[in-house]
Structure formats: structure tokens, C-alpha cells
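Architecture at a glance
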Amino acid sequence: MARITAGVASSHVPLLGVAVDQGKTRDDYFGPIFAGYDWTKKWEEEQKPDVVILVYNDHASAFDANIIPTFAIGCGESYKSADEGWGPRPVPDVEGHADLAWHIAQSLILDDFDMTIINEMDVDHGLTVPLSMMFGQPEKWPCKVVPLAVNVVTYPVPSGNRCWALGEAIKRAVESFPEDLNVQIWGTGGMSHQLQGPRAGLLNREWDNKFLDLLEQDNDDARHIQHIEYLRETGSEGIEMVMWLVMRGALGQKVKRLHRHYHIPCSNTAIGHIVLEPAE
Amino acid sequence: MTDTSAKQNIHEYLAEFDDIPGTRVYTAARARKGYWINQFAMSLMKGDNREKFKADERAYLDQWKLSDDAKEALLARDYNRLLDLGGNVYFLAKLFSTDGLSFAEAVSTMTDMTFPEYRDMMNNGGRSPQGNRSIKGGY
């Protein structure tokens, strides 16, 4: 039987990908950011997950303004790095797990989540930066990936409550897959940041850390945070944190925190990272 | 426990967004208005299109269903104006990249700071949420 063994959350700032690709991860600016991922890199080498369900948002790369899926799951065999205007990141292709992905997609639909199925797409920094942060620069990514894209761009985006419930349903789906697989779920994006308008540059260390505290607790209070609170407190792009709730919802009620890291700033953004495992 | 069965009314939900200082939340209304601005920006993901755009920006823009306002704002790289016209920052980012601007530098042009001032603010902890959460509430 497949099982979800851990949850990882991380910011996915594109500049982190640039730092990796240009070998700047230990300079004065990026050093303190990447130092907070050293623990996780080592831990991932020991954990050797077979598959990562990677919850992220597409930044106008695979999906244009035409089609806006609220929840989309990648069921393809592999995905290439997207050209976001600079040329594609020089990272390995991302190998999918079509059997597990289709199983999750079908299970979620029967569980009342009306998923959009994606067979072919390119994946942008939202998906490839977290892989680089956790795995560095291997020739080939060490695990398969099921991309799960959430609309956090065009409002209304899904509620925190719905994202948490999707996580719960993903847990049920994974646990009904007959093959013995070590599956992790990652929630990406955040933390506080605003990339637009005169208020751009807003960061909120206090709120971000309260959110991290909430994720570690044995309750589901975080699912009830309303969109307006994310917008007021964490900037217009801080709403990406609802994707962390998909990860948290998939871990069950009790979790153990294994690692946590917070750093301000990276470009326009507060960097947050947490590693949790189910505690029952 | 909070009652999660209480669904938000869409009008009340959207009205709250107008109370956030210096922010244009990318609502469906903005997405409709800015559709072709965003689709134009999307086209810059292809290297060939970037070259054509750079060779003659106005001629390239003339191929899209854009208002004169939108074309002027795009030519001027007036990003706050583009947000008002329904542009979204993740689409407009293709234009930042085409211009060779970092995200932070492009974003700084939407504030009242120069890029060095903006960068200093970020390195010193970013813009404080204090006084920046609500227009009506002033908190």
C-alpha cells in the first residue's frame, strides 16, 4: 500500500532557481537562505521518496488567460522545464508517475473533487525551484513527481478550507493505491510577499511565523483563515500559502515537526520552509 | 470550531478587496478587462516572438486586440496603469524578462521608490504591514 510519509513546505521564488543555476547558493546574499535547506537535503537522501505530490501554482506558463483550472493534476509521463521569458531552466525533465496520478485523479473525482486532468504541460519555477531546493543539482531527479496545480492567481481562488479538504482526500486516495510506495506531499509558494502596485514589498515576519506555528499544531485552525486576511497581512501573493494547507491536510490530525526555517528577504519575498511527518 | 458551511457572498467578498491600500487584486472583472494584455504577454514566452517584439514593439502590439490605452501603457512599461487595465503580474513578468529586468527591479517601478531604495527596504525587512492593511480602518 502506498503511504504519505512526510510533508514539506517551501517558498518557490524564481530567484532561488537562478542562484542554483548560476552557482551562487553560498554567497553572502543566498548563503543564509540555502543553509536552512541543508538539513532537508540530507534528510531527503535518507528518506528516498518514490514519489512527490508537488502542490504548486503555474505562473502563466502552462495555463494562459484562456483556461483557469482551480485544481489540476498532471497525469503525464514527463514534463519539461518551461521558458518563462529567459529560456528554460537547465534542470532535468520531471518524470511523472502516471499510474499513481490517474489513481489519485479518479479517486478525487469520486470523492467530490472535480479535478482537471493534464496530460502534457511544461512546468515552471513553481515546481522546479522546490525540487532544486530539496535535491540540489542531480543529473536526474531522484523521484517521480505528481504535479498538482492550484489556481492562486485569478480570484476567487479556492478557500483554505477546500485546500485542506483536498489534502485529506489525497491522503485517502494514496492509501488506496495497491503498490508499496513512499510518497511525500509538498506545499509550495509563499510566504508573505506582494509583487504588484504601490504596496509591493510588504513582508510580515510575525504573521508568517504564526502560520508556521499553526501548521505544527494538532488542530485544523489554519484552514479557516479567510482570503482577506492573507491579502491584508501577507501581501497579494501571500495567498499562495493556501497550497501549504493541501500538504497539511494530507498529514492527518497530529504531526511532528522535523525542521523549520525562515528568512527575510529573497528578492521580494519572505522565505519559509517546514518539514512535518504524520505523528499517528 | 468555525462553521465552514457558511459560504461567503460574492459581492461582500469582492468589496473587501477595494479596502486594501496600493493593491489591485486580480479579480474576474480585471481578468476579463485585461485578457488580451495578458495573452500578448504570454506570447513572449517564445524566443521568436521576443525577437519580433524587440524589433518593432508597436507593430507587434498592433497584431493584438489591444486598446490604445493598453498599447501606450505597454510601450511606456507603466505597470500600475497596466494593473488598472487588467494586466496580471505573472503575465507581465514575461515582459520584465524580455526587457532583461529582474522581478524586484520591475516591481520597484510600481512603488514610489527607486530600485536601490526598494532593494534597501527589502534588505531591511520589507514594507511593514503597519498602516498598510486597510484603507477604512487605517491599521
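Predicted, not measured: the structure shown is a model, and the values here were computed from it.

Time to look at the nonpolar core. Residues and elements named next belong to chain A. Of all hydrophobic cores here, the largest spans 125 residues; its most connected members are Ile53, Leu54, Val55, Ile73, Ile104, Val146 and Met243. Residue contributions to this core peak at eight residues, all from helix α5 (residues 160-175). For isoleucine 73, the residues in contact, after removing those within four places along its chain, are Ala101, Ile104, Ala105, Met115, Ile117, Ile118, Val146 and Leu148.

Put simply, chain B has an average pLDDT of 95, and 96% of its residues get 70 or more. Across the whole predicted complex the pTM is 0.97, and at the interface the ipTM reaches 0.94.

Time to look at the pairing of strand β3 (residues 71-74) of chain A. Residue and element names in this part refer to chain A. Note that β3 and strand β8 (residues 144-150) share three bridges and pair antiparallel. Counted as the bridge partner of phenylalanine 71 is valine 150 from β8. Sheet topology note: the β3/strand β6 (residues 116-118) ladder contains three bridges and is parallel. Bridge pairing links alanine 72 to threonine 116 in β6.

A few words now on the interface of chain A and chain B. Listed as interface residues are 36 residues of chain A and, on the opposing side, 48 residues of chain B. For the side of chain A that touches chain B, the elements supplying multiple residues, two or more each, are α1 (14-21), α7 (227-234) and β10 (255-266) of chain A. Looking at which element gives the most residues to the side of chain A that touches chain B, the answer is α7 of chain A, with four residues.

A few words on the pairing of strand β9 (residues 182-188) of chain A. Residue and element names in this part refer to chain A. Summarising burial for β9: six of the seven residues are buried, a large majority. As judged from the five bridges shared by strand β2 (residues 51-56) and β9, these two strands associate in the parallel manner. Across the sheet, isoleucine 53 pairs through a bridge with isoleucine 185, a residue of β9.

Axis angle and axis distance: for two packed helices, these are the angle between their axes and the distance between the axes, and together they describe the pair. Residue and element names in this part refer to chain A. Relative orientation of the contacting elements α5 and helix α8 (residues 242-249) amounts to 35°, with a least axis distance of 6 Å. Every pair of crossing elements has a handedness; the one defined by α5 and α8 is right-handed. Listed contacts from α8 to Gly160, Cys163, Trp164, Ala165, Leu166, Gly167 and Glu168 of α5 are Val242, Met243, Leu245, Val246, Met247, Arg248 and Gly249. Split by residue class, the contact of α5 with α8 holds nine nonpolar, three polar and two charged.

Cut-offs and rules
- Residues numbered from 1 in each chain as written.
- Chains lettered and ligands numbered in written order.
- Predicted model: local features only at pLDDT ≥ 70, side-chain atom pairs only at ≥ 80, totals over all residues.
- Core = buried A, V, L, I, M, F, W, Y, C linked by C-beta atoms within 7 Å.
- Buried ≥ 20, exposed ≤ 12 C-beta atoms within 10 Å, placed from the backbone.
- Helix = DSSP H or I, 4+ residues; strand = E, 2+ residues; numbered from the N terminus.
- Contact = placed C-beta atoms within 7 Å.
- pLDDT = per-residue confidence, 0-100.
- Pairing = 2+ DSSP bridges.
- Axes fitted to C-alpha atoms, helices over the stretch in contact; angles between N-to-C directions.
- Left-handed = near helix turned anticlockwise from the far one by under 90°.
- Nonpolar A, V, L, I, M, F, W, Y, C, P; charged D, E, K, R; others polar.

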